[in-house]
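Geometric and topological summary
Residue strings, one per chain:
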Amino acid sequence: MYSLRKCKFLLLFRGMLSPEHSALCSYHKKVVDHYENPRNVGSLDKNAQNVGTGLVGAPACGDVMKLQIQVDENGKIVEAKFKTFGCGSAIASSSLATEMLKGKSVEEAVKIKNTDIAKELCLPPVKLHCSMLAEDAIKAALSDYQLKQQDKKS
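Residues numbered from 1 in each chain as written. Predicted model: local features only at pLDDT ≥ 70, side-chain atom pairs only at ≥ 80, totals over all residues. Heavy atoms only, no water.

On to the overall build of the protein chain. Looking only at helices and strands, the protein chain has 7 helices and 3 strands in total. Helices (α) and strands (β) of the protein chain occur, in sequence order from the N terminus, as α-α-α-β-β-β-α-α-α-α. Within the protein chain, residue pairs in contact and separated by at least 24 positions form 62% of the contacts whose partners lie at least 6 positions apart. Summed over its atoms, the accessible surface of the protein chain is roughly 8,500 Å², and 55% of this surface lies on carbon and sulfur atoms. (Helix = DSSP H or I, 4+ residues; strand = E, 2+ residues; numbered from the N terminus. Contact = heavy atoms within 4.5 Å. Areas by Shrake-Rupley, 256 points an atom, 1.4 Å probe, with all protein chains shown as cover.)

This is the structure:
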């Protein structure tokens, strides 16, 4: 599969491409949208008691994802941020995950599955590991938040 940058270059010369070359640029428009216009990029204060941080990586492909959530006093996720080093599908999965998290309770957020992310982005089978990484990042951020809440009670 070509990178998004290579696809953009190839699409400029679409008239000169064979159908085989066009098929190589198989990123869905939702992936391209989240890649070109990522939502919620950035960081939150990892030391804050109401912030959970998840840092996960996939050694096989080199993708690394940091996802953070900020939770209000009622247990509602009011902010979500990410930083991802990886392919377009990994960035899109992170971006979508932050959108899915905002406004949810901690209990609802734990129910977000990689299949939800993959389905929304129309990820091909070869890119499913990106949505799995996003789910792992969500779970790690929630776990970090819950651990901080237990420590606060002690």
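This next bit is on the side chain of Ser94. With respect to the element layout, Ser94 can be found in helix α4 (residues 88-101). A distance of 2.9 Å separates the side chain of Ser94 from the backbone oxygen of Ala90, its partner in a polar contact. (Polar contact = N/O pair within 3.5 Å; in protein donor to acceptor, adjacent residues only side chain to side chain.)

With that settled, the discussion passes to the confidence of the model for the protein chain. This prediction gives the protein chain a mean pLDDT of 87; 84% of its residues lie at or above 70. Here helix α2 (residues 19-24) is the element of the protein chain with the lowest mean pLDDT, 41, and helix α5 (residues 106-109) is the one with the highest, 98. Counting contacts from residues 4-24, a segment whose pLDDT is below 50, to residues more than four positions away or on other chains yields 16 contacts. (pLDDT = per-residue confidence, 0-100.)

In the contact formed by helix α3 (residues 29-36) and α4, the axes pass within 8 Å of each other and the chain directions differ by 80°. In terms of axis orientation, α3 runs roughly perpendicular to α4. Residues Val31, His34 and Tyr35 of α3 form the contact with α4, whose own contacting residues are Gly88, Ser89, Ile91, Ala92, Ser95, Leu96 and Glu99. By residue class, the composition of the contact of α3 with α4 is 5 nonpolar, 4 polar and 1 charged. (Axes fitted to C-alpha atoms, helices over the stretch in contact; angles between N-to-C directions. Parallel < 35°, antiparallel > 145°, perpendicular 65-115°, else oblique. Nonpolar A, V, L, I, M, F, W, Y, C, P; charged D, E, K, R; others polar.)

So, on to the environment of Gln70. Of note, Gln70 is situated in strand β2 (residues 63-71). Measuring from C-alpha to C-alpha, the distance between Gln70 and Thr53 comes to 9.1 Å, with 17 residues separating the pair along the chain. Apart from the residues lying within four places of it in its own chain, the contact partners of Gln70 are Leu44, Asn50, Val51, Lys76, Ile77, Val78 and Glu79.

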